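As a plain string of letters, each chain reads:
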Amino acid sequence: MQVIKIGGNVNKDEVINLINRYFSNSKVSIQEEEYEGRYEFSLSLGNKKSLEDIAFYRAIANLVQDIILEIYIKSIIKDRVIKICGDYSSEDREEIVKATHSTIMSENYYVKEKNILNEEILNHLIENNIILIDGFMNFRLRRFMYILDISIEKAIGEFEIEREYLEFLNMLQYFVDIQEPRYELINVIIKDNDYFLLDEGNNIIENGLLEYAPDDKWYEDISKADLLVSSLIVLSPIKLIVHVEEGKEKELVNVICQVFRDKVQICDGCEVCKLKTKLKKGK
């Protein structure tokens with residue numbers, strides 16, 4: 001009977017959940033021992049044929065890799081983030097930890113490094129039939145540190161971008177709140193990468209911001225979508241109806257909804273949506 005043992009010192013319940021993920025519906029025998037705050041699980045195939053041993057070893061290697069990546073690495077990430085992000089709040093640090101761990105767990109990142117880790121675990125199990133995961137990690141932690149630091153740096157960058165974006169949205173929302181309403185209703189028609197505005201009588205609203213010349217140096221770094229949002233803030237309607245095909249211009253529509261909040265209604269098909277009016281560039 002082939003017996004393989006795995007042991008360590010992290011949260012036992014989390015390890016049990018992972019073991020059940022792999023072997024809950026199999027005939028693998030699992031025995032648990034605990035001593036001095038450490039756990040050890042013995043897994044055996046019973047009287048299975050030796051030809052199945054390598055598949056058994058590979059399954060346990062995959063299990064051990066998941067224990068490392070899902071449990072051990074997350075704890076290391078937390079320690080690294082506390083050291084690197086001392087000026088951040090605990091809530092912000094937790095967001096960075098989650099984003100970093102999500103990158104590590106993604107099947108699209110560090111494929112080569114994960115394959116090397118898996119082969120090392122497999123070879124260790126074949127040679128020893130036992131693996132103490134924390135000890136195994138101590139000898140290989142240096143190899144992971146650059147991966148962790150790259151992932152943490154990526155998470156911090158994305159967090160800062162998101163924070164700046166939210167601050168920008170808050171500023172736009174403030175401008176919306178303090179503006180005196182100039183229109184009862186504005187229809188925003190988004191069609192063919194062009195945007196135009198109609199009042200409640202379906203008359204075109206002439207607005208200088210949306211009628212800029214494409215080669216004007218003043219606007220060279222500003223998109224027409226940005227100008228649309230700026231125009232709507234200046235025009236300050238009490239209600240906005242956004243006419244757009246379902247699934248189109250999602251990012252722009254999302255920004256309008258975030259800035260104007262309960263003033264916005266989304267329409268995906270009406271008579272106004274069918275209008276073929278085009279914006280006029282000046283009068």
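What counts, and at which threshold
- Residues numbered from 1 in each chain as written.
- Predicted model: local features only at pLDDT ≥ 70, side-chain atom pairs only at ≥ 80, totals over all residues.
- Heavy atoms only, no water.
- Helix = DSSP H or I, 4+ residues; strand = E, 2+ residues; numbered from the N terminus.
- Buried < 20%, exposed > 50% of the residue type's maximum accessible area, 1.4 Å probe, protein only.
- Contact = heavy atoms within 4.5 Å.
- Areas by Shrake-Rupley, 256 points an atom, 1.4 Å probe, with all protein chains shown as cover.
- Expected span 1.5 Å × (residues − 1).
- Arc of directions from axis to C-beta.
- Core = buried A, V, L, I, M, F, W, Y, C linked by side-chain atoms within 4.5 Å.
- Axes fitted to C-alpha atoms, helices over the stretch in contact; angles between N-to-C directions.
- Parallel < 35°, antiparallel > 145°, perpendicular 65-115°, else oblique.
- Nonpolar A, V, L, I, M, F, W, Y, C, P; charged D, E, K, R; others polar.
- pLDDT = per-residue confidence, 0-100.
- Pairing = 2+ DSSP bridges.
- Left-handed = near helix turned anticlockwise from the far one by under 90°.

If you look the protein up in an unreviewed UniProt entry, it shows as Putative sporulation protein YtxC from Tissierella praeacuta DSM 18095.

Q: Would you explain the overall build of the protein in this entry?
A: Tallying secondary structure elements over the protein gives 7 helices and 8 strands in all. Expressed as a percentage of the 283 residues in the protein, the buried residues total 41%. Considering only residue pairs separated by 6 or more positions, the protein has 71% of its internal contacts joining residues 24 or more positions apart. In the structure as shown, the protein presents an accessible area of about 16900 Å², 48% of it carried by carbon and sulfur atoms.

Q: I keep staring at helix α3 (residues 90-105) and nothing clicks. Help me out?
A: Every α-helix winds through 3.6 residues per turn, so residues three or four apart in the chain are directed the same way. Counted at 1.5 Å a residue, the expected span for α3 with its 16 residues is 22 Å, and the 22 Å between its end C-alpha atoms agrees. By the burial criterion, the buried members of α3 are Ile-96, Val-97, Thr-100, His-101, Thr-103 and Ile-104. In a view along the axis of α3, the buried residues occupy a sector of 155°, so they form one face of it.

Q: What should I look at first to understand the nonpolar core in this one?
A: The biggest cluster of nonpolar side chains holds 50 residues, and the ones touching the most others in it are Ile-6, Ile-60, Ile-67, Ile-68, Ile-73 and Ile-121. Elements with a contribution of two residues or more to this core: β1 (3-8), α1 (12-23), β3 (38-44), α2 (53-84), α3, α4 (111-128) and α5 (133-178). With 16 residues, the single largest contributor to this core is α2. Contacts of Ile-6, omitting those with residues within four sequence positions, involve Ile-19, Tyr-39, Glu-40, Phe-41, Leu-43, Ile-60, Leu-63, Val-64, Ile-67 and Ile-131. The next biggest cluster of nonpolar side chains, apart from the first, holds 25 residues, and it includes Ile-233, Leu-252, Val-253 and Val-259.

Q: Could you clarify how one ought to interpret the packing of α4 against α5 in this entry?
A: Axis angle and axis distance: for two packed helices, these are the angle between their axes and the distance between the axes, and together they describe the pair. Viewed as axis vectors pointing N to C, α4 and α5 meet at an angle of 175°, and their least axial separation amounts to 12 Å. Between α4 and α5, the angle is such that the two are roughly antiparallel. Counting all contacts with α4, which are made through Glu-113, Ile-116, Leu-117, Glu-120, Ile-121 and His-124, the residues of α5 involved are Phe-136, Arg-140, Arg-143, Phe-144, Tyr-146 and Ile-147. Among the residues forming the contact of α4 with α5, the class breakdown is 7 nonpolar, 1 polar and 4 charged.

Q: Teacher, can you tell me more about the confidence of the model for the protein here?
A: Atom-level detail of predicted coordinates should not be read off regions where pLDDT is low. In the predicted model, the protein carries a mean pLDDT of 84, and 87% of its residues have values of at least 70. Note on residues 217-221: pLDDT is under 50 here. Beyond four places in sequence and across chains, it has 3 contacts. Confidence drops under a pLDDT of 50 for residues 277-283, and excluding neighbours within four residues, the segment shows 16 contacts in the predicted structure.

Q: Teacher, can you tell me more about the environment of Cys-270 here?
A: Its place among the elements puts Cys-270 in the segment after β8 (264-267). Along the sequence, Cys-270 and His-243 sit 27 residues apart, while their C-alpha atoms lie 8.1 Å from each other.

Q: Explain the sheet that holds strand β5 (residues 183-191) here, please?
A: Where strands meet in a sheet, backbone hydrogen bonds hold them as pairs that are either parallel or antiparallel. Taken in spatial order, the 4 strands of this open sheet run β6-β5-β7-β8, and their pairing is mixed. Two strands in the sheet have a free side with no partner beyond their single neighbour: β6 (194-199) and β8. Going across the sheet, the axis of each strand differs from the next one's by a mean of 20°, ignoring polarity. Two strands pair when backbone bridges link them, and strand β7 (residues 237-243) and β8 are joined in this way by 4 bridges, in the parallel orientation. In the strand pairing of β8, His-243 is matched with Cys-267. Running over the sheet, helix α6 (residues 224-235) touches β5, β6 and β7 and is turned about 15° from β6.

Q: How should the environment of Ile-19 be read in this particular structure?
A: For Ile-19, the location among the structural elements is in helix α1. Remark: the alpha-carbon pair of Ile-19 and Ile-67, spanning 48 residues in sequence, is separated by 9.1 Å. Ignoring sequence-local partners within four residues, the contact set of Ile-19 consists of Ile-6, Ser-24, Ile-30, Phe-41 and Leu-63.

Q: Just to check I follow, could you spell out the packing of α6 against helix α7 (residues 250-260) for this structure?
A: Axis separation between α6 and α7 bottoms out at 11 Å; the angle between their running directions is 25°. Compared by their axis directions, α6 and α7 come out roughly parallel. As for how α6 packs across α7, the hand of that crossing is right-handed. Within the contact between the two elements, α6 uses Ala-225, Leu-228, Val-229, Leu-232 and Ile-233 and α7 uses Leu-252, Val-255, Ile-256, Val-259 and Phe-260.

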